[in-house]
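# Descriptive analysis of the structure
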Amino acid sequence: MKALVFTGIRRMELQEVPDPVVEQDGDAIIRVTSAAICGSDLHMYEGRTSAQPGMIFGHEVMGVVEKVGNGVQLVKVGDRVSLPFNVSCGACFNCVRGFVNACLTTNPASPGGGYGYADLGPYRGGQAQLLRVPFADFNCLKLPGTPGDRWEEDFIMLSDVLPTGYHATIMADVIPGSSVAVFGAGPVGYMAAMSAFLRGAAEVYVVDRSEVRLRKVAELGAVPINFTEGDPVEAILKLRSENKAIRESLRPGEEKMAGVLCGIDAVGYQAIGRPDPNQERPVQVIEDLARLVDATGSIGLIGVYFKGDPGGVDQNARQGHFTLPLGALWEKGIKIETGQAPVKRYNALLRDAIVQGQLMPGKFVSHKLRLENGPEAYEKFVQRGTGEGAEYTKIVLKPNG
Ligand SMILES: NC(=O)c1ccc[n+]([C@@H]2O[C@H](COP(=O)([O-])OP(=O)(O)OC[C@H]3O[C@@H](n4cnc5c(N)ncnc54)[C@H](O)[C@@H]3O)[C@@H](O)[C@H]2O)c1
Ligand SMILES: [Zn+2]
Ligand SMILES: [Zn+2]
């Protein structure tokens with residue numbers, strides 16, 4: 001089969017590789033109809049993880065079941081399915097409690113398995129024509145419709161960024177009426193803003209510097225904040241203080257709640273610093289959220305922070321050690337939640353919300369490309385909404401044409 005192979009930092013190559021085969025009775029082989037490129041793939045692409053040349057990336061995958069092992073009972077050849085990026089067994093101590101992001105049996109090295117990702121186990125990724133899916137009965141989410149239909153670009157978001165963005169709103173305790181600030185208007189930030197509205201948020205501010213991405217979040221009804229035009233925390237505080245209805249409803253003391261209750265970091269450790277955008281500052285967003293989120297509020301760190309980063313800005317960053325404004329966070333009694341999203345907790349219901357027309361995550365897709373265009377797609381997407389990559393908000397590859 002053909003697959004996109006990582007051959008070194010900022011190098012992807014289309015190669016002919018052996019087809020995957022059924023290795024365990026519970027496996028299925030999927031013919032991939034869509035495979036997206038995730039912001040997380042960029043960390044590997046840029047040499048910011050332990051990913052080694054020869055790897056096939058791709059953890060946002062959907063397709064049609066081509067073959068199943070003898071032990072597979074619920075999934076049939078010909079089924080259209082979405083795969084969660086987490087590879088999980090469904091039976092271990094963590095899986096049975098819903099923490100499929102920390103499955104104890106699928107990754108020998110640590111809790112949590114995943115397709116085509118550094119340190120997430122031996123699984124090949126789906127930026128390829130075929131994908132082997134372990135524990136197929138548990139992992140395959142059945143989809144209605146037929147490949148290439150009007151839902152294809154919506155459903156491909158079910159593997160990762162949609163449930164991930166949704167999970168961020170759970171982490172940040174978004175409920176009806178909430179005030180929410182999302183840092184990052186990439187795919188995860190966009191899905192977090194969309195999910196915040198689904199959960200009834202009253203105000204959603206989204207911070208980034210990419211005008212194209214900010215325009216897309218504005219179409220959802222969010223307030224776009226460009227951090228190159230000034231301190232985004234000050235900008236949000238100012239907007240809220242100028243809001244007559246908010247101002248008129250404050251009783252004495254409540255001016256201390258001038259920020260937001262829910263904060264989401266959809267950027268992670270490769271955050272662009274301020275004032276110098278050429279300077280990476282891994283803690284930039286956490287510092288901003290510590291200033292912006294009010295006492296009693298909640299923060300979801302859905303953007304990743306790894307414990308090893310070969311390209312880290314200094315010795316501490318290379319080991320995943322960061323200096324946090326813990327005092328400010330502690331004094332305000334802010335809850336912080338971190339980690340990978342447990343996709344299976346949400347994907348069936350989010351699929352149904354798509355089918356009912358409540359969610360249209362596919363609107364963020366800017367490019368549908370053939371697998372051979374993968375190397376160029378990575379080159380553009382890694383510019384994260386700037387320069388020649390300005391228009392590349394989300395790329396979906398079509399490995400089988
Ligand atoms: N926890 C999980 O399960 C999970 C799942 C998927 C992705 N992720 C992570 O989420 C993060 C975002 O993913 P994505 O696909 O949207 O990536 P992306 O790289 O396309 O988007 C990141 C965006 O953040 C913006 N940004 C950079 N510095 C900023 C700053 N200081 N303030 C505000 N915005 C800033 C960039 O301009 C960019 O648009 C990545 O770290 C990714 O690895 C986590
Ligand atoms: Zn991802
Ligand atoms: Zn498990």
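Residues numbered from 1 in each chain as written. Chains lettered and ligands numbered in written order. Predicted model: local features only at pLDDT ≥ 70, side-chain atom pairs only at ≥ 80, totals over all residues.

Convention followed: UniProt positions are given in the numbering used here, feature names are shortened, and annotations may be inferred rather than shown by experiment.
As annotated in an unreviewed UniProt entry, the protein carries the name Glutathione-independent formaldehyde dehydrogenase and is attributed to Geomesophilobacter sediminis. UniProt, in its Cofactor (unreviewed entry) section for the protein, records the words "Zn(2+)". Taken verbatim from the UniProt record of the protein, the Sequence similarities (unreviewed entry) comment is "Belongs to the zinc-containing alcohol dehydrogenase family."

### Let's talk about the overall build of the protein
Here is the rule: Here a helix means four or more residues in a row that DSSP labels H or I, a strand means two or more in a row labelled E, and each is numbered from the N terminus. Radius of gyration here uses only the C-alpha atoms, and the compact-globule reference equals 2.2 Å multiplied by the residue count raised to the power 0.38. Residues with at least 20 neighbouring C-beta atoms inside 10 Å of their own are called buried, those with 12 or fewer are called exposed, and the rest are partly exposed, where every C-beta is derived from the backbone. By the convention adopted here, residues make contact when the C-beta atoms placed from their backbones lie within 7 Å.
Per the secondary structure count, the protein includes 14 helices and 17 strands. The C-alpha atoms of the protein give 21 Å as radius of gyration, which agrees with the globular expectation for 401 residues (21 Å, within 12%). Reported as C-alpha extents along the three principal axes, the dimensions of the protein are approximately 70 × 45 × 40 Å. Of all 401 residues assigned to the protein, the portion counted as buried reaches 50%. Long-range pairs, those at least 24 residues apart, make up 72% of the contacts in the protein with a sequence separation of at least 6.

### A look at the site of ligand 1
Our working definition: Nearness is defined per residue: the C-beta atom, placed using the backbone, must lie within 6 Å of the molecule or strand. We call Asp, Glu, Lys and Arg charged. Ala, Val, Leu, Ile, Met, Phe, Trp, Tyr, Cys and Pro are nonpolar, and the rest, Gly among them, are polar. What marks off one domain from the next here is an automatic or database domain assignment.
Near ligand 1, the surroundings consist of 34 residues, among which Gly39, Ser40, Gly184, Gly186 and Gly268 are the closest. Considered class by class, the residues forming the shell around ligand 1 number 16 nonpolar, 13 polar and five charged. Counting only domains with at least three residues in the shell around ligand 1, you end up with domain 1 (2–160 + 342–398) and domain 2 (161–338).

### Here we look at the environment of Gln319
The topology assignment puts Gln319 in the loop between helix H11 (315–318) and helix H12 (326–331). The spatial distance from the C-alpha of Gln319 to the C-alpha of Asp309 is 6.4 Å, given a sequence separation of ten residues. Excluding its chain neighbours within four sequence positions, the residues that come into contact with Gln319 are Lys307 and Gly308.

### Quick look at the pairing of strand S1 (residues 2–8)
We count it as follows: Criterion used throughout: strands pair if DSSP finds at least two bridges between them.
Examined bridge by bridge, S1 and strand S2 (residues 11–16) share six bridges and lie antiparallel to one another. Opposite Phe6, over in S2, you have Met12 as the bridge partner. As consecutive antiparallel partners, S1 and S2 are separated by two residues, and within that stretch Arg10 has a phi angle of approximately 60°, a positive value.

### Some details on helix H7 (residues 211–219)
Within an α-helix, residues lying three or four positions from one another point in the same direction, as the helix has 3.6 residues per turn. The criterion, for reference: Working definition: the arc comes from the directions between the helix axis and the C-beta atoms, pointing outward to the latter.
All buried positions along H7 are accounted for by Arg213, Leu214, Lys216 and Val217. One side of H7 carries all its buried residues, which in axial view fall inside an arc of 155°. Pointing more than 90 degrees away from the buried face of H7 are the exposed residues Arg215 and Glu219. Contacts from the buried residues of H7 go to helix H6 (187–198), strand S11 (203–208) and strand S12 (223–226). Following H7 by one or two positions, Gly221 adopts a phi angle in the positive range, close to 105°.

### Focus on the pairing of strand S10 (residues 179–183)
The test is simple: For crossovers, right-handed means that the path from the first strand over the helix to the second runs clockwise, given strands pointing away from the viewer.
S10 sits mainly inside the fold: five of its five residues count as buried. Burial along S10 is two-sided: the residues Ser179, Ala181 and Phe183 and Val180 and Val182 are all buried. Relative to S11, S10 is paired through five bridges, and the arrangement is parallel. Along S11, the bridge assignment pairs Phe183 with Val207. As for the winding sense of the linkage, the β-α-β connection from S10 through H6 to S11 is right-handed. Two strands pair when backbone bridges link them, and S10 and strand S13 (residues 260–265) are joined in this way by four bridges, in the parallel orientation. By the bridge assignment for S13, Phe183 is matched with Asp265.

### Brief notes about the domain arrangement of the protein
What the domain assignment lists for the protein is domain 1 (2–160 + 342–398) and domain 2 (161–338). Centre-to-centre, using C-alpha coordinates, domain 1 lies 27 Å away from domain 2. With 28 residues of domain 1 at the contact, the number on the domain 2 side is 25 residues. Within the residue set of the side of domain 1 that touches domain 2, elements represented by two or more residues are helix H1 (39–45) and helix H13 (347–355). Here the side of domain 1 that touches domain 2 takes three residues from H1, the largest share from any one element. Residue composition of the side of domain 1 that touches domain 2, by class: eleven nonpolar, eleven polar and six charged.

### Some points on the UniProt feature "domain: Alcohol dehydrogenase-like N-terminal" (unreviewed entry) in the protein
Mapped onto the present numbering, the UniProt feature "domain: Alcohol dehydrogenase-like N-terminal" (unreviewed entry) falls at residues 25–144. As annotated, residues 25–144 comprises 12% helix and 27% strand, and the C-alpha atoms at either end are separated by 26 Å.

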